[in-house]
Amino acid sequence: MSVENPFGQMDLLRLLEDSDGLISFKLYDSGTFRTGATKYSFESQESDRLRIWPMGNPGKELTLSRFVPLRPHTVVFVGLYIGDGAKASRPGSSGIISFSQREPHLTSFVREHFIQLFGDTLTFTHRVNEDSLFFMTDEMRQKLTVLRQELLKSGRKDILSDEELRKYLNRDLESVIQEQPSATKIALEKHSKKALLQKHRKYLVEFFANRTVMNEYLRKLKLQELAASGNPLSPKDRIAVNVRLPGVKGAREEGKSSRSDELDVDGLANFHALLLRIISDIQSSIESNSQLISVPGSDTPWLTWNGKPHEYGVFSLSTLDYLRFGDKCFRFSRGSPRRYKCSEKETIVLEMGKLALKVPKTLTFTPLLSLFFGLYLAEGQTPKSKIFKFAEEPVGSLSIGFTASEADSMSICLKAMKQLLIGNEAIPDYWRVKVGSKYFAETVTIGNKLGTVALRRGEKGQGTASGFEIVQSIKEWTTASLPSLQKIDSKFDHLEYTGAGIPRVDVFYSKGPEVYVFSLMRDLVSYPRNLDRFSTRRGGPK
Amino acid sequence: MMDKPFIQSLVFSRFDVTFTSSEELLDVHKSYFGDAQCFENARTYLTNRLDFLAKQIRRNEPVFSSNLFHAVLGSVLTGEPMRKENAKIISEYVLGLRDQGGFLCISRDYVNQFPKLRFARNNPMVPEVYSSYYSFFLLKMLDISFSRSDLENIISWVIAHQKNSGAIFNSIYSNTPEDRRFEAEVASQTYFGANLILSIFRDLPEFDLNNCLVRAKNWALKKWLSLRTVAGRYFALKTIYLVAPDQVTTLGTAEAIGFLEDRVSPEGVGYYDYRLADKIDEFMSSSSSTELDKISSHVFSTYYAISMLQTLSFCGVSVNVPHERIKQLAKIAANPDCGFGMKVMVKDFREPFGPISTELETVLILLFPLLAQKNIAKGEGKQ
């Protein structure tokens, strides 16, 4: 058996026929309902193929498979898109299909699944956004100088020579601004009152002088990252770089990165509604443990799991063999690989250092577990690069922490961890609530309603909050909003005021299971054969 | 059991109205709202809350002194006699909150629920100014008398927490510099501190506390124009009015009235505490995009706004009390639990952010008819 075997399927023709081509979606994400709808025309073709196009726009036609298998991979893709995918659409526009992630294994995985779903005619744009303050250090200036020389040698005409650069840097800012494209001038005007832009205005001339080289630096870096992950840039894809004005958004200090990467699916905006309907129905069927999903008013399901999504799976892993012999089931530390010491009793006891924890002898890859892996790879607290590197190089501390503002995501995380672990380690060590500064007004209002005060801490007023009446109120709001936390109410730790973001919950697990859990995630996404070798149906490692 | 002049003074100093008796309050409700529904609902809610809080204490479950203060005050305002055993356990519990010269906001058992975690480690329980205010006046409502040395301790503790700026707050745990603290916090704690000083000052006339009061008032005068919330301005105005009522005339009444007009809810129901445009994203040091944010008028902000209008009318400004706006608000803020309060909503989160009904807002609804019909010309504005 393989971890790539399907545990259900979608019938897209059934979805379209039962909806009369009008595909709508309603997703709850980041405290906001994302809704949208698109009317499609479609026709069934031979060999279970399906032609589909937005009504009145046959030029945007795609040919899809009518039946789409639901594999663990498909569900991981859904989890990743729920976490890091573009979901917003404004009335009158169809929204975009884009995935925000820098880790190249993950972008490659997601790219592959877009192709599986929508066909191999797709093209992609890898976007890199960075703040120009990142380049405003001596070290980065030196790197830019080296690159500038290389580009000049290669014959690039749009790069300033040393002399041209020297002259440019001596120009007055106003004359430089006058030469900029109107979009840049508008942006400068729009953000002119921002304190951070004013503070970093002194870098504007340097930014405009070096912008092209900065773009090239990031383009080269992205190419290297893709190649190093084993997924070099496809000839059909392109890279687009955007270096932002200093102090407009992101980094606040020189040398600090605020890089964000996106993978845009070109020309697929009209299929945003279809993609999000697929994603929302897969997520809700798993969360509610429903085996069959039909269009309202229809008796025939368009989405079918072959068993209950919380329990059913087609692939089971011999955990002990995987942990003992798995190719990368260890962490690289102090110059050598460190594996768990495993002992087999009723369950398997894992030890690494002083830690001991229990895991099931056989781990079934359920839709629930697969969705958790996808969500974690998007919303987990662990830097994603660490998950793909910890078996190869020292990565510093590793731990399991998950962030959610939606009830479904939190519930899936807590349930999945109970499939992965046995006993107390399956329960979070603690959880906290974070509230970004944009929602301080609402937080203070709670205090005003109660006649009490919101107290901050530290120089910037960020960190653990006091004002216990408000802490208690927000804790109660959290357990009402994310009911799965009610069972671990006593694990509440603190409220934290922070710079940005909606009110959200972080759950943290005790140290110990991270190598086991992250190995499973990594192998499912990038090295499925590492898992297939330890299928229980095969009787041990090959 | 309670000293009537004390209650009158407490209600006036905190809520800006003259309360004489629950019977009269009931009559005012009937004439203002047309029936006694709000009064009866508030009585039910506050009685239930008081019973609940007392029960919690009996079960050794920690409760907040702010909840107790407003619930006990509610029983006084509605004339609902408090059970003797409730009064006893509440006073014992609140006396147990004493710490140094002030009072904790809740028993230490609260943080002991979190024995090994950051919350407990990083949150040493320290007394705060607002919680000391609540406990001090709560105990006085319960006929607990303070010895001279108790009063001296409280006074010394409050004075010790007055900052160079004149603001009063405890920075031992909450050590954030004043300019990054929430304005409603600093303004209200300064008012609560000044009020404590002034109240105790009357019992210790030989202490020269004028300097502290003047500094608190000067802080409020200096900050006045920079305050963006109704609650922040309300408490600043109260501090000025408490110490030097005549200086209210220096505030710029046209600006203050414009400030309040900017916060009238466009739905015609009460006042907002803040404008969406004033929401700040500190991460970007700029105004936030508020497209998806929700805002609502509140009982507290409407009460505070109208009280400010009344106080400004003391300066000779002609003020029209928006009676319909108050009556509409009382209607829509009535909740199935008989309490009053509007929801705070964040984006599309289904659950209201924090409680809907609160003891304070229910007390404010009880007192609204007195505030709305207050006649400054008759001298009700003078203490």
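Preceding block: the structure.
As the structure is a prediction and not an experimental result, all values here were calculated from the model.

(A) Just the pairing of strand β5 (residues 62-65) of chain A, in detail. Residue and element names in this part refer to chain A. Of the two faces of β5, the one lined by Leu62 and Leu64 is fully buried and the one lined by Thr63 and Ser65 carries no buried residue. Pairing of strand β4 (residues 49-54) with β5 involves four bridges; the strand directions are antiparallel. Its bridge partner being in β5, arginine 51 is matched across the sheet by threonine 63.

(B) Focus on the environment of arginine 148 of chain A. Residue and element names in this part refer to chain A. Here arginine 148 lies in helix α4 (residues 138-153). Under the relative-accessibility criterion, arginine 148 is labelled buried at 5%. Spatially, the C-alpha atoms of arginine 148 and isoleucine 159 are 7.0 Å apart, while their sequence positions differ by eleven residues. Residues contacting arginine 148, with those up to four places away along its chain left out, are Ile159, Leu160, Ser161, Asp162, Leu165 and Val213. Within polar-contact distance, the side chain of arginine 148 engages the side chain of aspartate 162 at 3.0 Å.

(C) Region of interest: the environment of histidine 113 of chain A. Residue and element names in this part refer to chain A. Within the secondary structure, histidine 113 is located in helix α3 (residues 104-118). In this structure, the C-alpha to C-alpha distance between histidine 113 and threonine 145, residues 32 residues apart in sequence, is 39 Å. Once residues lying within four places of it in the same chain are set aside, the contact partners of histidine 113 are His73, Thr74 and Phe77.

(D) Examining empty space enclosed by the protein more closely. Scanning the entire structure with this criterion turns up three cavities of 30 Å³ or more. For the second largest cavity, the calculated volume is near 100 Å³. Every residue lining the second largest cavity is counted, 16 residues in all, and those nearest its centre are Gly447, Asn448, Thr452 and Val453 of chain A together with Ser188 of chain B. Looking at the lining of the second largest cavity, the elements with two or more residues in it are α15 (440-450) of chain A together with α10 (183-201) of chain B.

(E) A look at the interface of chain B and chain A. With 67 residues of chain B at the interface, the matching set in chain A holds 63 residues. For the pairing of chain B and chain A, the buried interface totals around 5,900 Å² over both sides, and the portion due to carbon and sulfur atoms is 59%. Linking chain B with chain A are three salt bridges, by the criterion used here. With a closest N to O distance of 2.7 Å, lysine 279 of chain B and glutamate 442 of chain A form a salt bridge. At the junction of chain B with chain A, the criterion picks out 26 residue pairs in polar contact (both at pLDDT 80 or more). Residues that form the side of chain B that touches chain A fall into these classes: 31 nonpolar, 18 polar and 18 charged.

(F) Fine view of helix α12 (residues 367-379) of chain A. Residue and element names in this part refer to chain A. Over its 13 residues, α12 runs 18 Å from end to end, which matches the ideal 18 Å to within 8%, given 1.5 Å per residue. Summarising burial for α12: twelve of the 13 residues are buried, a large majority. Among all positions in α12, only Pro367, Leu368, Leu369, Ser370, Leu371, Phe372, Phe373, Gly374, Leu375, Tyr376, Leu377 and Ala378 are buried.

(G) Quick peek at the packing of aromatic side chains. Counted by the stated rule, this structure contains 48 aromatic pairs over all chains. Note on phenylalanine 372 of chain A and phenylalanine 373 of chain A: the rings are 6.0 Å apart at their centroids and 45° apart in plane angle, and the pair reads as tilted. Comparing phenylalanine 372 of chain A with phenylalanine 373 of chain A shows no difference in burial state: the two are buried. The ring of phenylalanine 182 of chain B has arginine 456 of chain A lying over it, and the distance from NZ or CZ to the ring centre is 4.6 Å. Above the ring of phenylalanine 169 of chain B, the side-chain terminus of lysine 163 of chain B is found at 4.5 Å from the ring centroid.

(H) Layout of the sheet that holds strand β9 (residues 238-244) of chain A. Residues and elements named next belong to chain A. Judged by pairing direction, the sheet is mixed, and its four strands sit side by side in the order β7-β10-β8-β9 without closing on themselves. At either margin of the open sheet sits one strand with a lone partner, and together these are β7 (98-100) and β9. Adjacent strand axes in the sheet meet at a mean angle of 20°, parallel and antiparallel pairs treated alike. Direction of pairing for β7 relative to strand β10 (residues 260-265): antiparallel, over a ladder of three bridges. In the strand pairing of β10, serine 100 is matched with glutamate 262.

(I) Local environment of a positive patch on the surface. Residues and elements named next belong to chain A. A cluster of basic side chains, namely Lys199, Lys202, Arg252 and Lys460, defines a positive patch on the protein surface. Along the polypeptide, lysine 199 turns up in helix α8 (residues 195-199). When its relative accessible area of 52% is taken as the criterion, lysine 199 is described as exposed.

Rules and cut-offs
- Residues numbered from 1 in each chain as written.
- Chains lettered and ligands numbered in written order.
- Predicted model: local features only at pLDDT ≥ 70, side-chain atom pairs only at ≥ 80, totals over all residues.
- Heavy atoms only, no water.
- Buried < 20%, exposed > 50% of the residue type's maximum accessible area, 1.4 Å probe, protein only.
- Helix = DSSP H or I, 4+ residues; strand = E, 2+ residues; numbered from the N terminus.
- Pairing = 2+ DSSP bridges.
- Contact = heavy atoms within 4.5 Å.
- Polar contact = N/O pair within 3.5 Å; in protein donor to acceptor, adjacent residues only side chain to side chain.
- 1 Å grid on protein atoms, 1.4 Å probe; cavity = no way out; pocket = protein on both sides within 12 Å on 5 of 7 lines; lining within 4 Å.
- Points joined across faces, edges and corners; volume = space filled by probe spheres on them.
- Buried area = accessible area lost by both parts, 1.4 Å probe.
- Salt bridge = Lys/Arg side-chain N within 4 Å of Asp/Glu carboxyl O.
- Nonpolar A, V, L, I, M, F, W, Y, C, P; charged D, E, K, R; others polar.
- Expected span 1.5 Å × (residues − 1).
- Phe/Tyr/Trp six-rings, centres within 6.5 Å; stacked < 30°, edge-to-face > 60°.
- Lys NZ or Arg CZ within 6 Å of the ring centre and 35° of its normal.
- Axes fitted to C-alpha atoms, helices over the stretch in contact; angles between N-to-C directions.
- Patch = residues over 30% accessible without salt bridge, like charges linked within 9 Å, V, L, I, M, F, W, Y side chains within 5 Å.
- Areas by Shrake-Rupley, 256 points an atom, 1.4 Å probe, with all protein chains shown as cover.
- Lys, Arg positive; Asp, Glu negative; His and termini not counted.
- Charge placed at Lys NZ, Arg CZ, Asp CG, Glu CD.

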